[in-house]
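Summary of structural features
These are the residues of each chain, in order.
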Amino acid sequence: MGYAHSLSRPLRLDADLFAQWSADCQWIVAYARTLGVKLAGPDGSGRPVTSMTQVLFNGRERCRHQRAQRPDPAANRPRWCGGRCAHDSFSVELEYDPYSLWERSRDGSYLDRFTTAHKPYDVAVTACLLMLSHRFGPTISVTSDGGASQWHDGRHLALLACGVFPPLPRSLTRSSAA
Ligand SMILES: [Zn+2]
């Protein structure tokens, strides 16, 4: 449980498109850091990974933010870490590694779920998912516990880092219209 985003994808993604997307993520990670978002490798330490075969990062475990630092109640669901910027790692691989047949849906796609708890690194996760959707189109689909307003910052981060203002995933435009 917890605030999360889901990705439905085929077993293998196109290698050329993946390389382009991994470069997008490299820009996003770099730009997010200049904005003060504390990013790390999958376990919350070390460096984020953006290679030809995988994109893998998390928030920083030892972020030195204060636990008592409360979000501004006037802001729209601000990202607050509670003293620990790390949560579940964001991990997308060129070839999915299914450890259970249950992960395969009837249409042959595989489901990944990324629980960010809406911590600060969530802005980088949403930007990367938006660029994934932009690159791969209907080959993949993204859904989220958040609505359109929770994806606003990620869209702008993608614009600043990659020069693309990606559209919202269809599932989110539907939920915000309802
Ligand atoms: Zn923090």
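Structure shown above.
So, how was this worked out
Residues numbered from 1 in each chain as written. Predicted model: local features only at pLDDT ≥ 70, side-chain atom pairs only at ≥ 80, totals over all residues. Helix = DSSP H or I, 4+ residues; strand = E, 2+ residues; numbered from the N terminus. Buried ≥ 20, exposed ≤ 12 C-beta atoms within 10 Å, placed from the backbone. Contact = placed C-beta atoms within 7 Å. Pairing = 2+ DSSP bridges. Axes fitted to C-alpha atoms, helices over the stretch in contact; angles between N-to-C directions. Expected span 1.5 Å × (residues − 1). Arc of directions from axis to C-beta.

A word on the overall build of the protein
Looking only at helices and strands, one finds four helices and seven strands in the protein. Classification of the 178 residues of the protein by burial places 36% in the buried group. Sequence-distant contacts in the protein: of pairs separated by 6 or more residues, those separated by 24 or more amount to 70%.

Some details on the sheet that holds strand β7 (residues 141–144)
Reading across from one edge, β6-β1-β7 is the order of the three strands in this open sheet, with antiparallel pairing throughout. Each having just a single partner strand, β6 (110–115) and β7 make up the two edges of the open sheet. Each strand axis lies, on average, 20° off the axis of its neighbour in the sheet, ignoring direction. Sheet topology note: the strand β1 (residues 4–9)/β6 ladder contains six bridges and is antiparallel. In the strand pairing of β6, A4 is matched with T115. Here helix α2 (residues 122–136) sits on the sheet in contact with β1, β6 and β7, set at roughly 25° to β1.

Digging into unusual backbone geometry
The general pattern is negative phi for most residues beyond glycine and trans for most peptide bonds. Even without being a glycine, R64 presents a positive backbone phi close to 65°. Examined against the element boundaries, R64 turns out to sit in the loop between β4 (54–59) and β5 (90–93).

Observations regarding the pairing of β7
Along β7, the buried face is formed by V142 and S144; none of S141 and T143, which line the opposite face, is buried. Of the pairings in the sheet, the one linking β1 to β7 comprises four bridges and is antiparallel in character. Pairing of S8 across the sheet is with S141, part of β7.

Here we look at the pairing of β4
Pairing geometry for strand β2 (residues 39–40) and β4, over two bridges, is antiparallel. Looking across to β4, one finds that L39 is bridged to G59. Inspection of the sheet shows strand β3 (residues 49–50) paired to β4 by two bridges, in the antiparallel sense. When the sheet's bridge partners are listed, V49 is paired in β4 with L56. Adjacent in sequence and paired antiparallel, β3 and β4 are bridged by three residues. Across four bridges, β4 lies against β5 in antiparallel orientation. By the bridge assignment for β5, Q54 is matched with E93.

Points about the environment of P169
With respect to the helices, strands and loops of the structure, P169 is situated in the loop between α3 (152–162) and α4 (170–177). Residue P169 is classed as buried on the basis of its 23 C-beta neighbours within 10 Å. C-alpha of P169 to C-alpha of G137: the two residues are 32 residues apart in sequence and 9.6 Å apart in space.

Brief notes about helix α1 (residues 15–34)
With 20 residues, α1 extends 29 Å from end C-alpha to end C-alpha; this agrees with the ideal 28 Å at 1.5 Å per step. Those residues of α1 not exposed but buried are F18, W21, S22, D24, C25, I28, V29 and A32. One side of α1 carries all its buried residues, which in axial view fall inside an arc of 160°. Exposed residues lying more than 90 degrees from the buried face of α1 are D16 and T34. Each element contacted by the buried residues of α1 is listed here: β2, β3, β4, α2 and α3. G36 lies just past α1 and shows a positive phi near 95°.

The values are spatial; any link to function lies outside them.
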